[in-house]
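Residue-level structure breakdown
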Amino acid sequence: MKKTLYLKFVLAYFIFGVFAFITVATFVPSMTREQLIREKAESLYKEAVLIAEQYASGLYTSETSLETVKNQLDVLAVYLDSTIRIINPSGRLVLDTDTAINFDEPVVIKAFDPTITKGSYYTVDTFFDTYETDVLSVFAPITSDFKVKGYVVIICGMSSIEKSSDNLLNISYITAAIIFLLSVIILIFFTEMVYQPLTKITHATEQYASGNMHYEFTVDSEDEIGYLAACLNYMASEIARSEDDQKRFVANVSHDFRSPLTSIHGYLEAMLDGTIPPEMHEKYLQIVLNETDRLTKLTNGLLTLNNLNTKGMLLEKSNFDINQVIRNTAATFEGLCRQKNLSIELVLTGKTMYVRADMEKIQRILYNLTDNAIKFSHQNSVIKIETSEKKNKLFVSVKDSGIGIPKDDLKFIWDRFYKSDLSRGKDKKGTGLGLSIVKEIINAHGENINVISTEGEGTEFIFTLQQVDVEDDED
């Protein structure tokens, strides 16, 4: 943006003001002048008609004398600030309020033509060249016996009209100037409410484009711009969090791969250079084999997570007996439980309990949760796997009475490669991916999983599955 938008807006504002004044100066004077002329002409025409009917008509019927009419019109002319004339159709001046009556030297207006008004009742000109400047002339016919005997003409100078027009034009200019100045409020409003927030947003996007995803800014607005700023802030924070997770992920992967590789390299090198005698090779080859198993498990876990995170992942859902899957999973840990003097207690709802899910992936969840429970359980303790149903949902619980998870670590247990400080001493072969895989599988099914743990007392994982009727098993 670089101030371009703001400068364009200011420029448009001043161009608008200039064109507004040009428009006022171009059209308002003529429009105002014409309107004042029409109003004045209308007023004078009414007077002219009244004179023609009440005073001038009597001259042609010998009902009144010329001197009487002259005296009456002189007074009226002063009142109207105009000149009143009575003119015959031939152009002979019968009466003029500006001059005395002179029968000896009659005045004839050359080229007098009452049709000069062109269908109107007034005209603005020099009145047949009898005036040096334009005047407003109003014509009203004097009729008698259905014949036009003459015309009452009221002539008014244009100075008063021009003065009124100038006054009104000044008012228009002042009004336009006031409106233009008041419209500065719009410019101020735009600056405060639009331009400055946009400047902040633009600066923020520049920071994000340069890689500074931790840059924060605020826009105190509840409109669309404020919403845009909030969305941009949220987007940047999510990207920053994703980048941090990615860095942590790479660091964890590097660490978890480097440790077994270092061990493998060290033991093999020691066997080759004779540091480890041949009679000890079998022992350390077994250690190397265990480390390769750990690398294989780590690689498989990463591949599993990658497949689970792929959008559009297909789940091979079917209706199956979750109780039987739980029994089979528990049976696989019989040997490991015997080594630690552990027992697995199954508290299952019903002889059979059918759910709709991907059986292989649910079995993976049960295996990971049970494996964790065995790792972190104390000797001679019990691991309890329980199912319960509520509102077409089956709740599966895997509970141990082991070391538990610290409260501060609970929110991180779903992160890849995360291991709490308490678990590091016991989970020598763990990859830190088991619970991440569990979470991804549960999310793929659209279900929920929760954890309840007390440090030193044990941990319980509870996840949900969609329960189905027994008769749906054939689907």
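An account of the accompanying structure is given in this report. Just so you know, the residues in each chain are numbered from 1, in the order the chain's sequence is written. With pLDDT at 70 or above as the cut-off, local features in this predicted model cover only qualifying residues; side-chain atom pairs require 80 or more to be listed or tallied, and sums for whole chains, interfaces and linings still use all residues. Water and hydrogen atoms play no part in the side-chain values, which are based on all heavy atoms of the structure.

1. What to know about the environment of serine 453
Here a helix means four or more residues in a row that DSSP labels H or I, a strand means two or more in a row labelled E, and each is numbered from the N terminus. Relative to the helices and strands, serine 453 resides in strand E12 (residues 449–454). Buried residues are those whose accessible area, probed at 1.4 Å on protein chains only, stays under 20% of the maximum for their type, while exposed residues exceed 50% and partly exposed ones sit between those limits. Classification of serine 453 as buried rests on a relative accessible area of 15%. Ignoring sequence-local partners within four residues, the contact set of serine 453 consists of Gly404, Ile405, Leu410, Gly458 and Thr459. Definition of a polar contact: a pair of N or O atoms within 3.5 Å, with one able to donate and the other able to accept a hydrogen when the atoms are protein atoms, and with sequence-neighbouring residues admitted only if both atoms are side-chain atoms. Polar side-chain contacts of serine 453 include one of 2.7 Å to the backbone nitrogen of isoleucine 405. Residues count as neighbours in contact if any of their non-hydrogen atoms are within 4.5 Å of one another.

2. Here's the deal with a nonpolar patch on the surface
Residues enter patches when they are more than 30% accessible in relative terms and free of salt bridges; like-charged ones are connected within 9 Å and nonpolar ones (Val, Leu, Ile, Met, Phe, Trp, Tyr) within 5 Å. Accessible surface area values rest on a Shrake-Rupley calculation with a 1.4 Å probe, where residue burial reflects the displayed protein chains alone. Think of a salt bridge as a Lys or Arg side-chain nitrogen and an Asp or Glu carboxyl oxygen that are within 4 Å of each other. The grouping of Leu11, Ile15, Val18, Phe19 and Ile22 at the surface amounts to a nonpolar patch, some 480 Å² of accessible area in total. Take leucine 11: it is sitting in helix H1 (residues 4–60).

3. Considering the packing of aromatic side chains
The criterion for an aromatic pair is that two Phe, Tyr or Trp rings (for Trp, the six-membered ring) have centres within 6.5 Å, with stacked assigned to planes under 30 degrees apart, edge-to-face to planes over 60 apart and tilted to the rest. As enumerated under the stated definition, the model contains twelve aromatic pairs in all. Arranged with centres 4.8 Å apart and planes meeting at 35°, the rings of phenylalanine 333 and tyrosine 367 form a pair that is tilted. With phenylalanine 333 in the loop between helix H7 (322–332) and helix H8 (334–339) and tyrosine 367 in helix H9 (residues 359–375), this pair connects stretches of sequence that are 34 residues apart. Residue phenylalanine 333 is classed as buried on the basis of its relative accessible area of 3%.

4. Some remarks on the pattern of salt bridges
Using the criterion set out here, one finds eight salt bridges in the structure. Close ionic contact of aspartate 371 with lysine 375 constitutes a salt bridge, the shortest N to O distance being 3.3 Å. Of this pair, aspartate 371 and lysine 375 both sit in helix H9, separated by four residues, roughly a single helical turn. According to the relative accessible area criterion, lysine 375 is partly exposed, its value standing at 21%. For the salt bridge of lysine 384 with glutamate 386, the shortest nitrogen-to-oxygen distance reads 3.7 Å.

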